[in-house]
Amino acid sequence: MSLTVTRYMRQFYKGNLFGVSQTSRTGYYAGSLASVDQKAIKRALKDLREYDYREGEGGELINKVQAFVKTYNNYMESAGEIDDESFKRYSSKLKKMTKEQKDVLEDIGITMQANGKMKVDKQKLEDCSRYAVSKVFSEDAEFSSSLDQIIKRMQTVFRRNNLVAPKQPPVTKQPSQPQVQEKDDAELIRHLKDILSAGKINYTV
C-alpha cells in the first residue's frame, strides 16, 4: 500500500521526527539537524535501492522519490551550515556529483537549483517509466552508489570531528582583580572584635 510523502518522511526520520518539517526544525543547531538528516537520507536511499522496479506499485514509487528529494534538500541545508573544512569538502563533492548526474535526474523530473537543492516536477515523474527511475536509484545505478559512498564519508568526518555539537569559544583567562573587598572585610571583622572585647556595646534597653 502506498503511503503519503509525509508518512514516508516520518519513516525516514524515525526516532527524530523533529527533522521532518521546516516548522519542527526551527531552533535546532545545524549539527543536530545534519546528524538526523544523514540517517534519514541513508534510509531513503536504501528504500529506493531495494525497491522492486518490476513489480512495485507506481504510486508508492512516486511518493518515495518525492520524500527522498525533501530529505536530500534538508541535508543540503543543514550540511551547508556546518563550519568544518573537511566536511565542507565532501559537501562540495556531493553537490558536484549530483550536478554531473543532472541528465538522468532530469529524465525523471528532478532538476538541480543554484543552491544545490533538488526540485521535483511531479507530472514528469508520474509520466516517466520505472526503468528511468531505476537508472537513478537502483542498487547498481551510478547516482545511488556514488551518493551512498559520499554520505558514508561525510558521516565519518562528522563523527570524527564531533560536529553534532557547536564549537565552544576558547576560554580566555580573566585578569586577576585586586582583592580590595576582601581586605576591607578583614579590617571590619577585626574592628568589630576589638569593640566587643572592649565591652563598648551597651545591651541595656
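Placed above this text is the structure.
Thresholds, definitions, all that
- Residues numbered from 1 in each chain as written.
- Predicted model: local features only at pLDDT ≥ 70, side-chain atom pairs only at ≥ 80, totals over all residues.
- Heavy atoms only, no water.
- Helix = DSSP H or I, 4+ residues; strand = E, 2+ residues; numbered from the N terminus.
- Buried < 20%, exposed > 50% of the residue type's maximum accessible area, 1.4 Å probe, protein only.
- Contact = heavy atoms within 4.5 Å.
- Salt bridge = Lys/Arg side-chain N within 4 Å of Asp/Glu carboxyl O.
- Axes fitted to C-alpha atoms, helices over the stretch in contact; angles between N-to-C directions.
- Parallel < 35°, antiparallel > 145°, perpendicular 65-115°, else oblique.
- Left-handed = near helix turned anticlockwise from the far one by under 90°.
- Nonpolar A, V, L, I, M, F, W, Y, C, P; charged D, E, K, R; others polar.
- Phe/Tyr/Trp six-rings, centres within 6.5 Å; stacked < 30°, edge-to-face > 60°.

Undergrad: Got a minute to help me understand the overall build of the protein chain in this structure?
TA: Per the secondary structure count, the protein chain includes ten helices and two strands. In the protein chain, the succession of helices and strands from N to C terminus is α-α-α-α-α-α-β-β-α-α-α-α. When the 205 residues of the protein chain are sorted by exposure, 40% land in the buried category. Put simply, 70% of the contacts in the protein chain that link residues at least 6 apart link residues at least 24 apart.

Undergrad: When you look at the pattern of salt bridges in this model, what are you seeing that I'm missing?
TA: When their charged atoms lie close together, side chains carrying opposite charge are able to pair. Applying the stated criterion to the full structure yields ten salt bridges. A salt bridge links Arg49 to Glu139; its shortest N-O distance comes to 3.6 Å. Placement of the pair is Arg49 in helix 3 (residues 30–49) and Glu139 in the loop between helix 8 (130–137) and helix 9 (142–160), with a sequence separation of 90 residues. Salt-bridge contacts for Lys117 lead to Glu77; the nearest nitrogen and oxygen are separated by 2.9 Å. Note that Lys117 is positioned in the loop between strand 1 (110–112) and strand 2 (118–120) and Glu77 in helix 4 (residues 58–79), a separation of 40 residues in sequence. Classification of Glu77 as partly exposed rests on a relative accessible area of 29%. Residues joined by salt bridges that share partners form a network here, namely Arg49, Glu139, Asp148 and Lys152.

Undergrad: Hey, could you run me through unusual backbone geometry in this one?
TA: Leave glycine aside and you will find that most residues have negative phi; peptide bonds, for their part, are mostly trans. Notably, Asn162 is not glycine yet its phi reads approximately 50 degrees, a positive angle. Among the structural elements, Asn162 can be located in the loop between helix 9 and helix 10 (180–197).

Undergrad: Help me understand the environment of Leu94 in this model?
TA: Position of Leu94 relative to the elements: it lies in helix 5 (residues 85–100). By relative accessible area, Leu94 is classed as buried at 0%. Those residues within four positions of Leu94 in sequence are excluded, and the remaining contacts are Tyr72, Tyr75, Met76, Leu147, Ile150, Ile151 and Met154.

Undergrad: For this particular structure, what's the right way to read the packing of helix 3 against helix 9?
TA: Any two packed helices are characterised by how steeply their axes cross, that is the angle between the axes, and by the distance between the axes. Here helix 3 crosses helix 9 at 155 degrees, and the two axes come no closer than 11 Å. The angle between the axes of helix 3 and helix 9 places the two elements in the roughly antiparallel class. Here helix 3 and helix 9 pass one another in a crossing that is left-handed. Each of Gly31, Ala34, Ser35, Gln38, Lys39, Ile41, Lys42, Leu45 and Arg49 in helix 3 lies in contact with helix 9, whose residues at this interface are Ser144, Ser145, Leu147, Asp148, Ile151, Lys152, Met154, Gln155 and Phe158. Classifying every residue of the contact of helix 3 with helix 9 by side-chain character gives seven nonpolar, six polar and five charged.

Undergrad: How should I be thinking about the packing of aromatic side chains in this particular structure?
TA: Centre distance and the angle of the planes are the two values used to describe a pair of aromatic rings. The tally for this structure, following the rule as stated, stands at seven aromatic pairs. Ring geometry for Phe18 and Tyr28: centres 4.1 Å apart, planes at 15 degrees, overall stacked. One end of the pair, Phe18, is in the loop between helix 1 (5–12) and helix 2 (22–25); the other, Tyr28, is in the loop between helix 2 and helix 3, with ten residues separating them in the sequence. Residue classification places Tyr28 among the partly exposed positions, given a relative accessible area of 40%. Ring centres 5.0 Å apart and planes at 75 degrees place the aromatic pair Phe68 and Phe137 in the edge-to-face group. Residue Phe68 is located in helix 4, and its partner Phe137 is located in helix 8; the two are separated by 69 residues in the primary sequence.

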